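The lines below spell out each chain.
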Amino acid sequence: MLEYALIAGLVFGLYFCLVGLGLNLVFGVMRIVNLAHGDFLMLGAFGAFWLFNLVGLNPVGTAFLVFAVFTALGLPLYYLLVPRLQRAKDPEMLSIILFFGLSQVIEALATIVFGPSERSIPGRVFGTGPVHILGQSLPAAWVVSAIASGVAVLFIYVYLYRTRLGYLTRAVMVHREEALATGIDVDRVSAIAFGIGLALAAIAGVFAPFMLGSVNPSMGVDINIQSFAVIVVGSLGNPLGTILGGIVYGISLTFMQTYFSSWANLLPYVLLIFILLVRPSGLLGREVRSA
Amino acid sequence: MPRWLRHTLLTVVPVVAAAGLLPFGYSNQLLLFNFVVFLTLAQGVNVIYGFTGYLPFGYVGFFGAGAYGFSLSVLHLHMAPLAALGVGAAAAILLGLLLTPLLRLSGAYFAIANLAASLAVYQVVSNPNLTEITKGHYGISLSGVFNPTLAYSVAVVILAATLGLTVYLRNSRFGLSLQAIRDDAISAGMAGIDVVRARTLAWLLSALIAGLIGGVFAWYVSVFYPETVFSSEFSIFAIVFALFGGVATVTGPILGVIILYGVYNAIGISTPQYFQLIYGLLIMGLVLFLPSGLVSLFKRWGIDVP
Amino acid sequence: MIRKLTVALFVAFFAVFTGAARAAGAPAEIKIGTLYAASGAFAAISMPVHQGLKLWVDQKNAEGGVFVKPYNKKIPIKLIAYDDQSNTATAATLYNQLITQDKVDILVADSGSPLTSVAVPIAREHKMLLIDQTGTGAAFFSKDNPYIVLMADPVSSIWPKYVADFLTQDGPKLGIKRIAILYATNDFTGTQANAVRGFIKAAKAPVEIVYDQGVPTTTTSYTVIINNIRAANPDAVITLGFPNNDISYLRNLQDSGVKFKWQFNIYPGLETEGLKKTVGVKGLEYIFTYVPSSVIEYKPEFGMSLPQFRDAWHKKYTDDKVEFGFNSVAGYTTGLVLENALKATESMDQLALRKAIFGLSGKLKTIDGTFELDETGAQIGEITPLGQIVPDGKGGLKFVVVYPHEAASGKPVYPAK
């Protein structure tokens, strides 16, 4: 049981790394708490559901499509919301309210378009039967999702550390005002990061029917909380820290399910508060801000 | 006329009078009761967010603690409702004390940690292993002490006291020192303000307010599940209402509740199918176009708002 | 501009609240007030029930209304329905709005226990009979409160009786000795888990419970839990959860390659069409479940039969956004009970209505089975038999009723293939 919990937790956690990745990127670059993150994930999931039923598109194909669509969607949304928000006195706090409003709008529209029922995609698209890893059998879809998460992390790494755009993005992350002063087009850099952040959420959504069983328009709230736990544990504002956060979260969850199952849902909250109090910068973070 | 007296006459008196008299002319008392609950909660958010800058995203934790403190002392100790309200308030303050370390965090970190804390309390209260004590997920039924008229009156008293507190904060040295901490904690400390003591006091006061009104809510509603009194929507509504009106004033949160909660109910009754959509758009419009709240408009027009 | 807008909002707000106060004169219509959750956590169970009720209302109105005995004529129904967004505080306000402002003749609760719970004291305070559609929480019903009556589902504490009886009576003969119980921690499934435990203990049969765990209702991943249950080596597994739990569980079960010899879930029977789409036909094969009214055909003595109702549903709700299933039957059943009560009641007084509804107990046979009440107003008649889902040989599925024996249509397949 212990070995199984460990390995299943690792694979499950890798998926949760993908779930939190976009939220962390957006927070890191813009200091915006995107409470609509879970709703973009939900939209990705419904996109996958819809494309699968309409044209039989494989979710892996959908993931690429969704990436392009949501990045493109993120750019205008950024210019519509964020510059105006950042002129206010306390944008970090107000972002919580603004994006709560956005999440309500998205949930309402999704309910009108898709209806309130639980939806899913048949598990057989990733082959039937389990995959064996280190002597343990795991659902094939879990492994596919974990690989997708790995690819996304690799993509973020290349984007942030191997491109000029990424160099500028990191400059904005470190100090927005200074970046502005040195002539960086902060809005353009941020808008792209915002789009990528939303796209990552949507990709996580594409795999949600397989990892979470089913999806519905009001699933976003739960996803947000879990994502927060993941990125706070890893390191708030440091996208690559999300990997560690996801794995710690996944393994702790499977251990709780094995040994104290009815308390399992307490875990993300306790983990989150504990890390914030003991090490506010996260497990991987540099020493930053503590009031 | 001293400023505090003018503020009291302009805000506390009309609101409390309206809350006290309206039930005689309007029969949906529950709607009025919910108005009183949100007027109180919005002022509670005002105390901690408006005056000290901490956004209590898990404010409902205190509300729920109050509701459960009240209910469990009625169920297990057979206390009279008013005494049980004291237990509810004590439960909220205890939770507040437990969470004081969170005040070391700032900005979004505090907001997220506070949200997590309220959800953790909910998970503990509703946990099946504690069913003997908390009734777990089976929920609470208090039909023995059910008395909506008395509960409503007590809620109005709590509202009056809460409004009195914000008038005090708006017009006292203590309120000013809290705002000084919010704007620049280090300078405030150098100016001789005991930063930790002041903000802890504000935090506990705001916990007390939510605990009391949570206890009355449990009393009034009398049959509920843990998810009812720990619903994040209480926190979010209270915060949105307070922000909409404008924090760090007495009038702002009052206006916010009357207008926004009024609109919320009006949409809910007239056009339920687009309820959530309109409400979401309204909230977004508020942040984008009126980030400092309605009262900032009055200030712009040169009117001094209480 | 903003000043004008503020004034306009105030005006609109007061207009809505004062406009609703109208006196009840000669009834040009019978006002039925209800709530539904178009969004939020309860939308998936609330909408089918609401649409089932609406279907009945529209059908009656197309026939010129429903017959009301005190007036000795057909009167059209006006359905006043608000959206509570799955928010209990909003629901409370809206229930009160229905009673005090709209002055409805009949108050129908939203579905699901949490959204029903807040209506219980409100209805009682205003001496309105609460027509409880599917709020099965046992705490709602007490002898001192005459103002509630449950329509469609059986109360949670007796629902799993046949499941437990099968395991204790027939189980040992088949070789079932070790039982695992996994439940989601909420009122609905927690009460059922309690009931199963109680029934098994009381039977004193040679079976033991080897695994008994609650998991949070928001659980979405069961792979590790399934592995843990397997480690306990049970002969039979009873899994009690909401639709999202059942979907995740059955998918994880299928994906992880584990096969239990005897597996029970609630929703493969209750929301069969939804689960076929989400879990897949393969994942439902040989699962034991409740065989509800939406699957077996009771011979209804009143109202549409199941195929008729299904056709009417699909004809009316062509967009397919809300799944047809057990919950839609529940909403329709509420309508049928009300129709019969209005036909029999002496007056429109709430307690007279209650008397009329109790008069139907044990006599009314609808699409949902026999409607039967205990003295507190809890519904105990429409108990669902235990069935097993098996392949029909044509790539589809069919139900075999296995318990109680007098209703059985076949033998259980044990161990499951």
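Per-chain numbering applies: the sequence of each chain, read as written, is numbered from 1 onward. Chains carry letters from A onward and ligands carry numbers from 1 onward, assigned in written order. Residue-level local features of this predicted model are given only where pLDDT is at least 70; pairs of side-chain atoms are given and counted only at 80 or more, and the full residue set underlies all totals for whole chains, interfaces and linings. Side-chain calculation: all heavy atoms of the structure are included, whereas hydrogens and water are not.

A. Broad picture of the overall build of chain C. Looking only at helices and strands, chain C has 15 helices and 16 strands in total. Each radius of gyration is computed over the set of C-alpha atoms, and the globule rule expresses the reference value as 2.2 Å times the number of residues to the power 0.38. For chain C, the C-alpha radius of gyration of 23 Å lies close to 22 Å, the compact-globule estimate for 417 residues. With respect to the three principal axes, the spread of C-alpha positions in chain C is 70 × 55 × 45 Å. Exposure categories follow from relative accessible area, calculated using a 1.4 Å probe and restricted to protein chains: below 20% of the type maximum is buried, above 50% is exposed, and the middle band is partly exposed. Sorting the 417 residues of chain C into buried and exposed places 63% on the buried side. Whether two residues are in contact is decided by their heavy atoms, any of which lying within 4.5 Å being enough. Looking at chain C alone, contacts between residues at least 24 apart form 67% of all its contacts between residues at least 6 apart. Here the open area of atoms and residues is found with the Shrake-Rupley method and a 1.4 Å probe, where only the protein chains shown may cover a residue. When the accessible surface of chain C is totalled, it reaches about 14,500 Å², and 55% of it is carbon and sulfur. Each charge sign in chain C was given a centre, from 42 positive and 39 negative side chains, and these centres are 1 Å apart. Helix and strand definitions follow DSSP, with helices as H or I runs of at least four residues and strands as E runs of at least two, each counted in order from the N terminus. Within this scheme the basic residues Lys and Arg register as positive and the acidic residues Asp and Glu register as negative, but His and the chain ends are omitted. One atom stands in for each charge, and that atom is NZ of Lys, CZ of Arg, CG of Asp or CD of Glu.

B. Main features of the sheet that holds strand β1 (residues 30–36) of chain C. Residues and elements named next belong to chain C. Two strands are counted as paired when DSSP detects at least two bridges linking them. Taken in spatial order, the five strands of this open sheet run β4-β1-β5-β6-β7, and their pairing is parallel. Taken across any chain shown, the strands that pair with only one partner, and hence form the sheet edges, are β4 (77–83) and β7 (148–150). Strand-to-strand twist across the sheet, computed as the mean angle between neighbouring axes with direction ignored, equals 25°. Two elements, strand β5 (residues 106–108) and strand β6 (residues 130–132), share two bridges in a ladder whose sense is parallel. Looking at β6, one finds that V108 is bridged to I131. Relative to the sheet, helix α14 (residues 326–344) contacts β1, β5 and β6, its axis offset from that of β5 by approximately 160°. The angle between two axes is taken between their N-to-C directions and runs from 0 to 180 degrees, where each axis is a line fitted to C-alpha atoms and a helix contributes only its stretch in contact.

C. Region of the structure containing the pairing of strand β8 (residues 178–184) of chain C. Residues and elements named next belong to chain C. Among the seven residues of β8, six are classified as buried, and the element is accordingly described as predominantly covered. Judged from the seven bridges that link them, β8 and strand β9 (residues 208–215) form a sheet pairing that is parallel. Its bridge partner being in β9, A184 is matched across the sheet by V215. Handedness of a crossover is defined as follows: with both strands directed away from the viewer, a clockwise route from the first strand across the helix to the second makes it right-handed. In terms of handedness, the path from β8 via helix α7 (residues 187–203) over to β9 forms a crossover that is right-handed. Bridge count for β8 against strand β10 (residues 236–240) is five bridges, and the pairing is parallel. By the bridge assignment for β10, L182 is matched with T239.

D. Structural context of the pattern of salt bridges. Residues and elements named next belong to chain C. Salt bridge criterion: a side-chain nitrogen from Lys or Arg within 4 Å of a carboxyl oxygen from Asp or Glu. In this structure the tally under the stated criterion is 17 salt bridges over all chains. For the salt bridge of E208 with R178, the shortest nitrogen-to-oxygen distance reads 3.7 Å. One end of the pair, E208, is in strand β9; the other, R178, is in strand β8, with 30 residues separating them in the sequence. According to the relative accessible area criterion, E208 is partly exposed, its value standing at 43%. Its salt-bridge partner being K277, residue E323 comes within 3.1 Å of it at the nearest N-O pair. Of this pair, E323 sits in the loop between α13 (306–316) and α14 while K277 sits in helix α11 (residues 272–278), placing them 46 residues apart in sequence. By relative accessible area, E323 is classed as buried at 8%.

E. The arrangement of the interface of chain C and chain A in detail. At the interface, 35 residues of chain C touch 37 residues of chain A. Carbon and sulfur atoms make up 52% of the area that chain C and chain A hide from each other, which totals about 3,000 Å². Its largest share of buried area at the contact with chain A, chain C owes to V224, R251 and K321 of chain C, together 21% of the area lost on that side. Across the chain C-chain A interface, the total number found is one salt bridge. In protein, a polar contact requires one atom able to donate a hydrogen and another able to accept it; more generally it is a pair of N or O atoms within 3.5 Å, and residues adjacent in sequence count only if both atoms are side-chain atoms. Counting the contacts that link chain C with chain A gives 14 residue pairs in polar contact (both at pLDDT 80 or more). Those elements giving two or more residues to the side of chain C that touches chain A turn out to be α2 (43–62), β9, α8 (223–231), α9 (243–256) and α11 of chain C. A per-element tally of the side of chain C that touches chain A places α9 of chain C first, with seven residues. The term buried area denotes the loss of accessible surface (1.4 Å probe radius) that occurs when two parts are joined, taken as the sum for both partners.

F. Structural detail: unusual backbone geometry. Residue P404 of chain C follows Y403 of chain C across a cis peptide bond; omega there is 0°. Looking at the secondary structure, you find P404 of chain C in the segment after β16 (397–403). A cis amide bond links Y414 of chain C to the next residue, P415 of chain C, at an omega of -10°. Of note, H78 of chain B is a non-glycine position whose phi angle comes to about 55°, a positive value. Note on placement: H78 of chain B falls in the loop between α3 (60–77) and α4 (81–98). A residue is classified by how much of its surface remains accessible, and H78 of chain B, at 66% relative accessible area, is exposed.

G. Geometry of the packing of aromatic side chains. When the centres of two rings from Phe, Tyr and Trp lie within 6.5 Å, Trp using its six-membered ring, the rings pair. Their planes under 30 degrees apart give stacked, over 60 give edge-to-face, and anything left gives tilted. Under the definition given, this model contains 56 aromatic pairs over all chains. Where F255 of chain A meets Y259 of chain A, the ring centres are 6.1 Å apart and the plane angle is 45°; that geometry is what we call tilted. Here the residue F255 of chain A and the residue Y259 of chain A both occupy positions in helix α10 (residues 241–259), the gap between them amounting to four residues, near one helical turn. Measuring from ring centre to ring centre gives 4.6 Å for F309 of chain C and Y332 of chain C, while their planes differ by 20°; the resulting arrangement is stacked. A residue pair is termed long-range when its members are at least 10 positions apart, and F309 of chain C in helix α13 and Y332 of chain C in helix α14 qualify at 23 residues. Note on accessibility: F309 of chain C and Y332 of chain C belong to one class, buried.

H. Main features of the interface of chain A and chain B. Taken together, the 41 residues of chain A in the interface contact 41 residues of chain B. For the pairing of chain A and chain B, the buried interface totals around 3,900 Å² over both sides, and the portion due to carbon and sulfur atoms is 77%. On the chain A side of the contact with chain B, M93, I97 and L277 of chain A bury the most area, a combined 16% of that side's loss. Counting every contact that joins chain A to chain B gives zero salt bridges. For the pair chain A and chain B, the number of links is seven residue pairs in polar contact (both at pLDDT 80 or more). For the side of chain A that touches chain B, the elements supplying multiple residues, two or more each, are α3 (59–86), α4 (91–114), α9 (220–234) and α11 (267–278) of chain A. If one sorts the elements of the side of chain A that touches chain B by residue count, α4 of chain A sits on top with 15 residues. Charged residues are taken to be Asp, Glu, Lys and Arg, nonpolar residues to be Ala, Val, Leu, Ile, Met, Phe, Trp, Tyr, Cys and Pro, and polar residues to be all remaining types, Gly included. Residue classes in the side of chain A that touches chain B are distributed as 30 nonpolar, five polar and six charged.

I. Spatial organisation of the environment of F12 of chain A. Tracing the backbone shows F12 of chain A in helix α1 (residues 2–30). Distance in space between the C-alpha atoms of F12 of chain A and F255 of chain A is 12 Å, their sequence separation being 243 residues.

J. Focus on the layout of surface pockets. Both cavities and pockets are sets of points on a 1 Å grid over the protein atoms alone; in a cavity a 1.4 Å probe fits but cannot get out, in a pocket the set is open with protein on both sides within 12 Å along at least five of seven lines, and lining residues sit with an atom within 4 Å of a point. Grid points are joined across faces, edges and corners, and a volume is the space filled by probe spheres set on the points. Approximately 960 Å³ is the volume found for the largest pocket. Lining the largest pocket are 36 residues, with D90 of chain A together with Y49, G53, R182 and D183 of chain B sitting closest to its centre. Elements that contribute at least two residues to the lining of the largest pocket include exactly α4 of chain A together with α2 (29–52), α5 (107–125), α8 (173–183) and α15 (295–300) of chain B. For the lining of the largest pocket, the element with the most residues is α8 of chain B, which contributes four residues. Looking at the lining of the largest pocket, its residues break down into 16 nonpolar, 11 polar and nine charged.

K. Expanded view of the domain arrangement of chain C. Residue and element names in this part refer to chain C. Segmentation of chain C into domains returns domain 1 (29–156 + 297–370) and domain 2 (161–295 + 386–407). The partner domain 2 presents 13 residues to the 18 residues of domain 1 that form the contact. Across the domain 1 to domain 2 interface the summed buried area is about 1,400 Å²; carbon plus sulfur atoms make up 52%. By the criterion of area lost to domain 2, the three top residues of domain 1 are S156, E323 and F326, representing 39% of everything that side buries. What fixes the domain bounds is an automatic or database domain assignment.

L. Fine view of α8 of chain C. Residue and element names in this part refer to chain C. Of all the nine residues making up α8, seven are buried; the element is thus mostly covered by neighbouring parts of the structure. Buried within α8 we find T223, V224, I225, I226, N227, N228 and I229. Following α8 by one or two positions, N233 has its phi on the positive side, about 55°.

M. Fine view of the environment of A179 of chain A. All names here are of chain A. Tracing the backbone through its elements, the reader meets A179 in helix α7 (residues 176–181). Taking the C-alpha atoms as reference, A179 lies 8.1 Å from L168; in sequence the two are 11 residues apart. The residues contacting A179, other than those within four sequence positions of it, are A171, V172, I184 and V186.

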